[in-house]
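Here are the chains, one letter per residue:
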Amino acid sequence: MQIKRHILSKTIALLLAMQLFLIGLQAKSRIDQGNSSLEALIWIIQQYIPVLVKIRSLQDKREKNDSLKSKSKR
């Protein structure tokens, strides 16, 4: 069970990293299409915030699960 959870967390981390990378590529495309760098930066920030919130939520869940496990082992 622990191995499956570890693989799942690594997969989620990889997918979130890919999402951030794709946001960056899309921002570059927006600049190439004529948007200003400032407009692209604002757009990037708007896209990154939900991803960062999701990452934080997953961290909180993981920490909560880890603390529950350590308490149950005592």
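Residues numbered from 1 in each chain as written. Predicted model: local features only at pLDDT ≥ 70, side-chain atom pairs only at ≥ 80, totals over all residues. Heavy atoms only, no water.

(A) Seen up close, the nonpolar core. If you look at the biggest cluster of nonpolar residues, it comprises 6 residues: Leu16, Ile23, Ala27, Trp43, Ile44 and Val51. At the level of elements, α1 (2-32) and α2 (37-73) are the ones that each hand at least two residues to this core. The residues touching Val51, leaving out its near neighbours within four places in the chain, are Leu16, Gln19, Leu20 and Ile23. (Core = buried A, V, L, I, M, F, W, Y, C linked by side-chain atoms within 4.5 Å. Buried < 20%, exposed > 50% of the residue type's maximum accessible area, 1.4 Å probe, protein only. Helix = DSSP H or I, 4+ residues; strand = E, 2+ residues; numbered from the N terminus. Contact = heavy atoms within 4.5 Å.)

(B) Highlighting the pattern of salt bridges. This structure, assessed with the given rule, holds 2 salt bridges. The partner of Lys28 in a salt bridge is Asp32, and the shortest N-O contact between them spans 3.1 Å. Here Asp32 and Lys28 lie together in helix α1, a separation of 4 residues that amounts to about one turn. Overall, Lys28 belongs to the partly exposed group, its relative accessible area being 49%. A salt bridge links Arg56 to Asp60; its shortest N-O distance comes to 3.2 Å. With Arg56 and Asp60 both in helix α2, this residue pair falls 4 residues apart, about one helical turn. With a relative accessible area of 35%, Asp60 lands in the partly exposed category. (Salt bridge = Lys/Arg side-chain N within 4 Å of Asp/Glu carboxyl O.)

(C) Molecular detail of α1. Its 31 residues place the ends of α1 45 Å apart at the C-alpha level, agreeing with the 45 Å of an ideal helix rising 1.5 Å per residue. Along α1, the residues classified as buried are Leu16, Ile23 and Ala27. Where α1 ends, the next residue or the one after it, Gly34, has phi of about 115°, a positive value. (Expected span 1.5 Å × (residues − 1).)

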